[in-house]
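Observations on the model geometry
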Amino acid sequence: MRQLQEKINYEKTFDCVHCGYCLPACPTYESMQKETHSPRGRINLVKQFAEGKIDIEALQEPIDKCLGCNACAVVCPTNVEYSKILESAKGVLDEQKPKTKKQKIAEKIIFDQVFPSKTWMNMIGQATWLYKKSGLQSLLEKTGLTKWAPLHLGQFEQVLPDLPSPAERKRRQKVAKAIGRSKAKVGFFTGCVMDSIFFKINAKMIDLLTRAGVDVFIPDEQTCCGALHAHSGKLGSSKELAKRNIEAFERENVDFIVNNAGGCGARLIEYEELFEDEPEWRERAKAFVAKVKDISQLLVELDTLVFTKPVHEIVTYQASCHMLNVQRVAEPPLRLLKSIPGIDYREMEGSDRCCGSAGIYNIIQYDESMKILDQKMDAIKPTDAHTIVTTNPGCLLQMKLGIHREGLENRMRAVHLVELLYEAGPERRNPYDY
Amino acid sequence: MDEACLRELSKIFAQDQLLTNLSDLHSYSYDASFGTYLPNAVVQVKNVDEVSAVLKLANRYRVPVYPRGQGTSLSGGPLPVKGGIVMDLSQWKQKLEIYPDDLVAIVSPGVLTSEINKAAEKYGLMYPPDPSSSHVSTIGGNLAENSGGPKGLKYGVTKDYVLGLEVVTPEGEFIRTGGRTIKNVTGYDLTKLIVGSEGTLGVITKAFLKLIPKPPTTQTMMAVFDDLVISGKAISKVLTSGILPAKIELMDRSSIIAVENYRPLGLPVEAEAILLIQLDGHEETLNKEIEETNRIVREVGARETVIPGSREEADQLWQARKLVSPAIVTLKPTKVSEDVAVPRSKIPDMIDRLNRIKEKYNIHLVVFGHAGDGNLHPNIICDQRDTEEMIQVEQAVSEIFNAAIELGGTLSGEHGIGTMKSPFMEEELGSITLDMMRRIKTAWDPNHILNPGKIFPEPDQNSLVLRDG
Ligand SMILES: Cc1cc2nc3c(=O)[nH]c(=O)nc-3n(C[C@H](O)[C@H](O)[C@H](O)COP(=O)(O)OP(=O)(O)OC[C@H]3O[C@@H](n4cnc5c(N)ncnc54)[C@H](O)[C@@H]3O)c2cc1C
Ligand code: SF4
Ligand code: SF4
């Protein structure tokens, strides 16, 4: 019992005073309308489980249905470390819950082979690209994803972007030089999903960075950030991935490590905490974390770009939960958006609430996710936006899906912030400034 | 609970409205106070027929029913202490209508209190009761607890804004009390009886609320004192000078230090007390009134006063008051928050008594609250897991209650009696008054179905217990 209590962060559950302040912030409490699916309810269930009062079956569903969006932690007056409690609960569930053999095999493929592997991610990218040319079947067969769960991939496949050919992927250089005098050396953490499905956005990102006056390095050895692993309770592999990334970026000796996926960025800044009992790695992680920045933060800090092409559109912004609630980056994307000439920025009601994509939540909790997405689309429609801007690949796909489900493709689009900035003709203000 | 009763429930309710699995039962076993009690079932009601059907069924099977809003009660109000059915009203939030010409709002019980005010503001109106939990708690819970907040000083509490109610009685009959008019003297005032009855006399299914014009602007002031007693005098002096602030909030030295440690805002940490005062009204009047207030508090002996120059600066001062609660739990995780009220003139005495109790039991005791209306929040910071300490705390709390009653005050200014304070009822009210209340309860609820175990002490319940099991 003691051991379990330690593992599941039992002591941290006492920080919760049951005040309920987190209820209005929680998207699943709103969509599922039960205390069981609220932060307070989940924390209580973890506590009851750690005390042996409920069994693991009673814990599983409420934990599985949590988005991990961390909105609860932001409003909590007593600073309950919800994400730690959630992560450890997932870890225990992952160890203890009976899984079907198929599920195990599929999870193993996804977490041990697909996400950490560049080859695999390229292959998914290429397979998706292949699919665009040749049909869905081959993608599903190649990745083995359908064996895992009813994944509704068909839904997502309809909104996938145009993918570059394998040759185009190969052509990307490892280094891109600043336009004008270089202000800094930046390592680009490309992110698995961004780099496979949204490879073209990453290409624009590199261009954007060079225009902003920095040299860009893309270490080959970098791997998955580990977010999806940690959120599914696989802390062990999450640590291994962290080590590989720290090593990869140490080698390049960069000033900043920049990323454009809110979810990855949130994981990267938590690397230090992973190594509480490994002092040497802890130090190295600390140095790594100090350099991590979201692209929007970096651009605002550099303050080197002007936007030369007006964008005459109504634009709204859907924050990435992990960027907002974990990295706590709120203002920079808005600052950048508002600096684009011609833009009519309109805030949607609840722009800080999760869109329901939440890592792979929209794949494995499809029905719940769609309820949340429908609510989100209801909040977006009154803004009359032409363009929904996001800062995370999962959110971007989800928004695209939302537009598709509403049948609004001909008057609304979803883009990554980087894409919109790119469209707005970014030019370096004073190329020879230091 | 009878299997047959459960079967009948499942005929009334759709599957997703009747919760019986273990994770759901645990999730409705607590509120924001102490103790957890498992119900046998939870029903999520959304109309009068459902409420009525549950209560009729419960009377037939003699099963207790506990109304529940968002479970933020600090006194154990919605806890299913005797098992049975928790009736969740928090999802019945569909109706929120504002009638600006009548200055009336009509709401269903699950609407969040702050939403009512937000809706009223669109018409230049306001719904003044402002418990700090107003963005989480339901209007049904507020009505049942007769909740109040800082603005109670000038504007009163929930009961002052209720024109009429729709209620299902404990036996399952639908009634209306009051109406939509400001004046109404037809018969007993059942509205006022239901308000503050803590879910023991009926389930509120709709409320007709009074709105008032929203004052155009506000002005804030902080006054710093080297002596708590003098801060008490300053309050009286302001209130007898023809100025009625919207709020006067007090923070004692330990709460000032706690907030400063938690988030440095530049509060005067060496002061014994600060008062935060907010005036509201028209700008010209306010400018005069704030000057006058400034003069008065300095005359009485404030060491320093601060009048913020901008909205942001004012917000920051109020932020300090809001941070007291989170700041104090960083010391230890458990917070026992009391809300005794005393006549305003007795605030200094009460604070003195609190200090002595603090020393006697060697506990972390912090005092803040709505000093303007005599409602103090002595909070004891402790650790639930430390049984020894909790026993000390229980004794200290009893002594706090006694002190308040001796000073002519009351057990609870706004949080209600629930399970936590029932052992002290007789002491404050006397046996005859308490018996009259019991008779009212029995007349309304002959089978003791609705929210049993609250307000009235159980036969074996003679002291406060904050420990589980
Ligand atoms: C951090 C914090 C700060 C707080 N600040 C304040 C404050 O400043 N002022 C204040 O007064 N209170 C305060 N409270 C206490 C609490 O928020 C109030 O008592 C609130 O009114 C409870 O509302 P609820 O919806 O959570 O109801 P619950 O806690 O669920 O229930 C409260 C009581 O109401 C009954 N009830 C609920 N709905 C109905 C209904 N429709 N019909 C009949 N009975 C019903 C329940 O049976 C129970 O007895 C605070 C609580 C917390 C946790
Ligand atoms: S806001 Fe924090 S302390 Fe309050 S119920 Fe939620 S998690 Fe618990
Ligand atoms: S992480 Fe998000 S979904 Fe999960 S409990 Fe917190 S607010 Fe709710």
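Chain B is annotated in an unreviewed UniProt entry as Glycolate oxidase from Melghirimyces thermohalophilus. For the record of chain B, the UniProt heading Cofactor (unreviewed entry) holds the text "FAD". What the UniProt record of chain B gives under Sequence similarities (unreviewed entry) is the line "Belongs to the FAD-binding oxidoreductase/transferase type 4 family."

Going by an unreviewed UniProt entry, chain A carries the name Glycolate oxidase iron-sulfur subunit and comes from Melghirimyces thermohalophilus. Word for word, the UniProt comment on chain A under Function (unreviewed entry) is "Component of a complex that catalyzes the oxidation of glycolate to glyoxylate."

All names here are of chain A. Pairing in this open sheet of five strands is mixed, and the strands run S1-S3-S2-S4-S5 from one edge to the other. Here the strands that pair on one side only, and so sit at the sheet edges, are strand S1 (175-176) and strand S5 (292-294). Sheet strands in contact with helix H14 (residues 199-211) are S1, strand S2 (184-189), strand S3 (214-217) and strand S4 (256-259), and its direction is about 145° off that of S3. The sheet contacts of helix H19 (residues 279-291) involve S4 and S5, and relative to S5 the element is tilted by about 25°.

Looking now at the domain arrangement of chain B. Domain boundaries in chain B define domain 1 (3-88), domain 2 (96-213), domain 3 (217-326) and domain 4 (331-416). Once you take the C-alpha centre of each, domain 1 of chain B and domain 3 of chain B turn out to be 44 Å apart.

Now for the site of ligand 3. All names here are of chain A. All residues adjacent to ligand 3 are Cys26, Pro27, Thr28, Pro39, Arg42, Cys66, Leu67, Gly68, Cys69, Asn70, Cys72 and Tyr82. At the level of secondary structure, the elements contributing two or more residues to the shell around ligand 3 comprise helix H3 (27-32) and helix H4 (39-50). For the shell around ligand 3, the per-class residue count stands at eight nonpolar, three polar and one charged.

How two helices pack is summed up by the angle between their axes together with the distance between the axes. Residues and elements named next belong to chain B. The N-to-C vectors of helix H8 (residues 228-239) and helix H10 (residues 283-300) enclose an angle of 140°; their axes lie 9 Å apart at closest approach. You can see that H8 and H10 cross each other, and the crossing is right-handed. Along the contact surface, H8 presents Ile230, Lys233, Ala234, Lys237 and Val238, while H10 presents Thr293, Ile296, Val297 and Val300.

If you check the shell around ligand 1, you find 35 residues, and the closest are Pro67, Thr72, Ser133, Asn142 and Gly148 of chain B. Ligand 1 sits at a junction of chains, with neighbouring residues supplied by chains A and B. Take Gly69 of chain B: an N or O atom from its main chain is 2.7 Å from an oxygen atom of ligand 1. Contacts to ligand 1 include Gly141 of chain B, whose backbone N or O atom sits 3.3 Å from an oxygen atom. In isolation ligand 1 exposes 980 Å². Once the protein is present, 96% of that is buried. Elements supplying a minimum of two residues to the shell around ligand 1: strand S3 (65-68), helix H5 (139-145) and strand S10 (203-210) of chain B. The greatest single-element share of the shell around ligand 1, amounting to five residues, is contributed by H5 of chain B. Here the residues of the shell around ligand 1 are counted per class, giving 12 nonpolar, 19 polar and four charged. No fewer than three residues from each of domain 1 (3-88) and domain 2 (96-213) of chain B sit in the shell around ligand 1.

Take the interface of chain A and chain B next. Contacts between the two partners involve 27 residues from chain A and, on the opposite side, 30 residues from chain B. A combined buried area of about 2400 Å² lies between chain A and chain B, and 51% of that area is made up of carbon and sulfur atoms. Inspection of the region where chain A meets chain B yields two salt bridges. Scanning the region where chain A abuts chain B turns up 18 residue pairs in polar contact (both at pLDDT 80 or more). Mapped onto the side of chain A that touches chain B, the elements with two or more residues apiece are H4 and helix H5 (56-64) of chain A. Top element by residues in the side of chain A that touches chain B is H4 of chain A. It accounts for five residues. Tallied by class, the residues present in the side of chain A that touches chain B amount to 12 nonpolar, nine polar and six charged.

It is worth spelling out the side chain of His416 of chain A at this point. All names here are of chain A. Secondary-structure assignment places His416 in strand S10 (residues 413-416). Judged by relative accessible area, His416 falls into the buried class, the value being 0%. Of the polar contacts made by the side chain of His416, one reaches the backbone nitrogen of Val418; its length is 3.0 Å.

Residue and element names in this part refer to chain B. If you walk through the whole model with that rule in mind, you get 56 salt bridges over all chains. Measuring nitrogen to oxygen at the nearest pair gives 3.2 Å for the salt bridge that ties Arg439 to Asp435. Remark: Asp435 and Arg439 occur in helix H16 (residues 431-444); sequence separation between them is four residues, near one turn of the helix. Note on Arg439: relative accessible area 53%, which makes it exposed. Residue Asp435 is classed as partly exposed on the basis of its relative accessible area, which comes to 31%.

A few words on the domain arrangement of chain A. Entries for chain A in the domain assignment read domain 1 (2-96), domain 2 (101-157), domain 3 (166-299) and domain 4 (304-427). A straight line from the C-alpha centre of domain 1 of chain A to that of domain 3 of chain A covers 30 Å.

Bringing the pairing of S10 of chain A into the picture now. Residue and element names in this part refer to chain A. Note: strand S9 (residues 387-390) against S10, four bridges, orientation parallel. Across the sheet, residue Ile388 finds its bridge partner in S10, namely Ala414. Note that the unit made of S9, helix H25 (residues 393-406) and S10 has a crossover that is right-handed.

As a further point, take the pairing of strand S13 (residues 247-252) of chain B. All names here are of chain B. Among the six residues that make up S13, six are buried, leaving the element largely enclosed by the rest of the structure. Side chains Lys247, Glu249 and Met251 project from S13 onto one buried face, and the interleaved Ile248, Leu250 and Asp252 project onto a second face that is buried too. Where S13 meets strand S14 (residues 273-281), six bridges bridge the pair, whose relative direction is antiparallel. Paired with Asp252 across the two strands is Ala273, which belongs to S14. As defined by bridge partners, S13 adjoins strand S17 (residues 364-370) across two bridges and the pair is classed as antiparallel. Across the sheet, the residue bridging to Leu250 is Gly369, located in S17.

Relative to the assigned elements, Thr36 of chain A resides in the loop between H3 and H4. Taking relative accessible area as the criterion, Thr36 of chain A reaches 1% and is therefore assigned buried. Of the polar contacts made by the side chain of Thr36 of chain A, one reaches the side chain of Asp24 of chain B; its length is 2.4 Å. Excluding its chain neighbours within four sequence positions, the residues that come into contact with Thr36 of chain A are Gly41, Arg42, Leu45 and Pro62 of chain A together with Ser23, Asp24, Ser27 and Tyr28 of chain B.

Look at the UniProt record and you will see "domain: FAD-binding PCMH-type" (unreviewed entry) annotated at residues 35-214 of chain B. Annotation note: span residues 35-214 of chain B, helix share 22%, strand share 24%, distance between end C-alpha atoms 40 Å.

The next thing to look at is helix H13 (residues 347-361) of chain B. Residues and elements named next belong to chain B. For H13, which comprises 15 residues, the first-to-last C-alpha distance of 21 Å matches the rise-based estimate of 21 Å (1.5 Å per residue) to within 8%. Taken together, the buried positions of H13 are occupied by Ile347, Pro348, Met350, Ile351, Leu354, Ile357 and Tyr361. Next to the buried residues of H13 lie H8, S13, S17, strand S18 (375-382) and helix H14 (387-406).

Time to look at the nonpolar core. Grouped burial of nonpolar side chains is what soluble globular proteins tend to show. Ranked by size, the top nonpolar core spans 84 residues in total, and within it Tyr271, Phe288, Leu337 and Leu420 of chain A carry the most contacts. Take this core: its biggest share by element is six residues, from H25 of chain A. Two domains each provide a minimum of three residues to this core, namely domain 3 (166-299) and domain 4 (304-427) of chain A. Those residues in contact with Leu420 of chain A, other than ones at most four positions away along the chain, are Val311, Val315, Leu337, Ile340, Ile343, Thr387, Val389, Arg413 and Val415 of chain A. Within the second largest apolar cluster, 57 residues are counted, among which are Ala273, Leu279, Met350 and Leu354 of chain B.

Analysis parameters
- Residues numbered from 1 in each chain as written.
- Chains lettered and ligands numbered in written order.
- Predicted model: local features only at pLDDT ≥ 70, side-chain atom pairs only at ≥ 80, totals over all residues.
- Heavy atoms only, no water.
- UniProt positions renumbered as here; feature names shortened; annotations may be inferred.
- Pairing = 2+ DSSP bridges.
- Helix = DSSP H or I, 4+ residues; strand = E, 2+ residues; numbered from the N terminus.
- Contact = heavy atoms within 4.5 Å.
- Axes fitted to C-alpha atoms, helices over the stretch in contact; angles between N-to-C directions.
- Domains from an automatic or database assignment.
- Near = heavy atom within 4 Å.
- Nonpolar A, V, L, I, M, F, W, Y, C, P; charged D, E, K, R; others polar.
- Left-handed = near helix turned anticlockwise from the far one by under 90°.
- Polar contact = N/O pair within 3.5 Å; in protein donor to acceptor, adjacent residues only side chain to side chain.
- Areas by Shrake-Rupley, 256 points an atom, 1.4 Å probe, with all protein chains shown as cover.
- Buried area = accessible area lost by both parts, 1.4 Å probe.
- Salt bridge = Lys/Arg side-chain N within 4 Å of Asp/Glu carboxyl O.
- Buried < 20%, exposed > 50% of the residue type's maximum accessible area, 1.4 Å probe, protein only.
- Right-handed = clockwise from strand over helix to strand, strands pointing away.
- Expected span 1.5 Å × (residues − 1).
- Core = buried A, V, L, I, M, F, W, Y, C linked by side-chain atoms within 4.5 Å.

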